[in-house]
Amino acid sequence: MRGRKHNMTQNDIASIRIRRATADDQDTIRRMIKDAELDPTALHWSQFMLAETASGEVVGAGQIRPQGRELGSIVVLPAWRSQGIASQIIKALLANETDVVYLECEKHMTGYYGRFGFVEMMWWRAPFPLNVKHFYLKTRYWLTRYRFAVMRRPALSL
Ligand SMILES: CC(C)(COP(=O)(O)OP(=O)(O)OC[C@H]1O[C@@H](n2cnc3c(N)ncnc32)[C@H](O)[C@@H]1OP(=O)(O)O)[C@@H](O)C(=O)NCCC(=O)NCCS
């Protein structure tokens, strides 16, 4: 599938289902994260939700890392983007979260994550290991055009 354009129809999109990952998905998850050049650490399948087509192809993924309650590893295969698949994955991941959830993203993505209730915060107030990871990224990309943000979705008042 990598690199191949998918002539998708509205039926293809409507047939996408969001499911929990299983141990059999571990290699697929690692490959998708590697191809998208996202953080390759803490990718255990048990933390992931996946988007799957009717024919069983995994086209999207995302997780909440238990340490630091960090929403991350959000990825959708290029041919399937801009169809709301990442939104479906994020909503499914957040559905059972009542406590604070954090994330780190590139600055230009803050508007997107704002749609799900995330607001930007001071990075040094983020829990470990997110604060350390952010400091490392900030330092590493200091002289480049890349800028990063840390965000939090407040705990829900039940
Ligand atoms: C970011 C990503 C997961 C979005 O997946 P998706 O299924 O296309 O997302 P949705 O359809 O729910 O939402 C699409 C919206 O996301 C926002 N968005 C996506 N990429 C963006 C970018 N690089 N900059 C700013 N906004 C962006 C836009 O608002 C976009 O709306 P549009 O399609 O009308 O322009 C996908 O582009 C991807 O896999 N990118 C590579 C990995 C990555 O960067 N992950 C995020 C790490 S923080």
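For the structure, check the block above.
Residues numbered from 1 in each chain as written. Predicted model: local features only at pLDDT ≥ 70, side-chain atom pairs only at ≥ 80, totals over all residues.

Draft legend 1. Representation of the site of the ligand within the structure. As a structural note, the neighbourhood of the ligand is formed by 16 residues, with Arg-81, Ser-82, Ala-86, Ser-87 and Cys-105 the closest of them. For the shell around the ligand, the secondary structure elements donating two or more residues are strand 4 (70-76) and helix 3 (85-94). The residue makeup of the shell around the ligand includes at least three contributed by each of domain 1 (1-97) and domain 2 (98-158). (Near = placed C-beta within 6 Å. Helix = DSSP H or I, 4+ residues; strand = E, 2+ residues; numbered from the N terminus. Domains from an automatic or database assignment.)

Draft legend 2. Seen up close, the nonpolar core. Among the nonpolar cores identified, the biggest contains 32 residues, and Ile-29, Ala-61, Ile-85, Ile-89 and Tyr-102 are the most heavily contacted of them. Shared between two domains, this core takes at least three residues from each, and those domains are domain 1 (1-97) and domain 2 (98-158). (Core = buried A, V, L, I, M, F, W, Y, C linked by C-beta atoms within 7 Å. Buried ≥ 20, exposed ≤ 12 C-beta atoms within 10 Å, placed from the backbone.)

Draft legend 3. Expanded view of the pairing of strand 5 (residues 101-106). Of the pairings in the sheet, the one linking strand 4 to strand 5 comprises two bridges and is parallel in character. Its bridge partner lying in strand 5, Leu-71 is registered against Leu-103. Regarding topology, helix 3 serves as the crossover connection from strand 4 to the parallel strand 5, and that connection is right-handed. The sheet contact formed by strand 5 and strand 7 (residues 148-153) spans six bridges and is antiparallel. The residue bridging Tyr-102 from the neighbouring strand is Arg-152, located in strand 7. (Pairing = 2+ DSSP bridges. Right-handed = clockwise from strand over helix to strand, strands pointing away.)

Draft legend 4. Fine view of the sheet that holds strand 4. Taking strand neighbours across the sheet as the criterion, the seven strands line up as 1-2-3-4-5-7-6 in an open arrangement whose pairing is mixed. Looking at the sheet topology across the chains shown, the edges are occupied by strand 1 (17-20) and strand 6 (119-121). Across the sheet, the mean angle separating the axes of adjacent strands is 30° when strand polarity is ignored. Each of strand 1, strand 2 (48-52), strand 3 (58-65), strand 4 and strand 5 touches helix 3; the most contacted strand, strand 3, lies at about 35° to it. Sheet contacts for helix 5 (residues 130-140): strand 4, strand 5 and strand 7; angle to strand 7, the most-contacted strand, approximately 160°. (Axes fitted to C-alpha atoms, helices over the stretch in contact; angles between N-to-C directions. Contact = placed C-beta atoms within 7 Å.)

Draft legend 5. Structural view of the pairing of strand 4. The buried fraction of strand 4 is high, at seven of seven residues. Pairing of strand 3 with strand 4, which is carried by five bridges, proceeds in the antiparallel orientation. Bridge pairing in strand 4 places Ile-64 opposite Leu-71. Connecting strand 3 to the antiparallel partner strand 4 that follows it, the hairpin turn spans four residues, and Gly-68 within it adopts a positive phi of roughly 90°.

Draft legend 6. Local environment of unusual backbone geometry. Omega for the peptide link from Phe-128 to Pro-129 comes to 5°, which places this bond in the cis form. Topologically, Pro-129 is positioned in the loop between strand 6 and helix 5. With a phi close to 55°, Ser-73 is a non-glycine residue in the positive phi region. Here Ser-73 is to be found in strand 4.

Draft legend 7. Molecular detail of helix 3. Listed in full, the buried residues belonging to helix 3 are Ile-85, Ile-89, Ile-90 and Leu-93. The buried residues of helix 3 occupy an angular sector of 135° when projected down its axis, which confines them to one face. Residues of helix 3 that are buried sit in contact with strand 1, strand 2, strand 3 and strand 4. (Arc of directions from axis to C-beta.)

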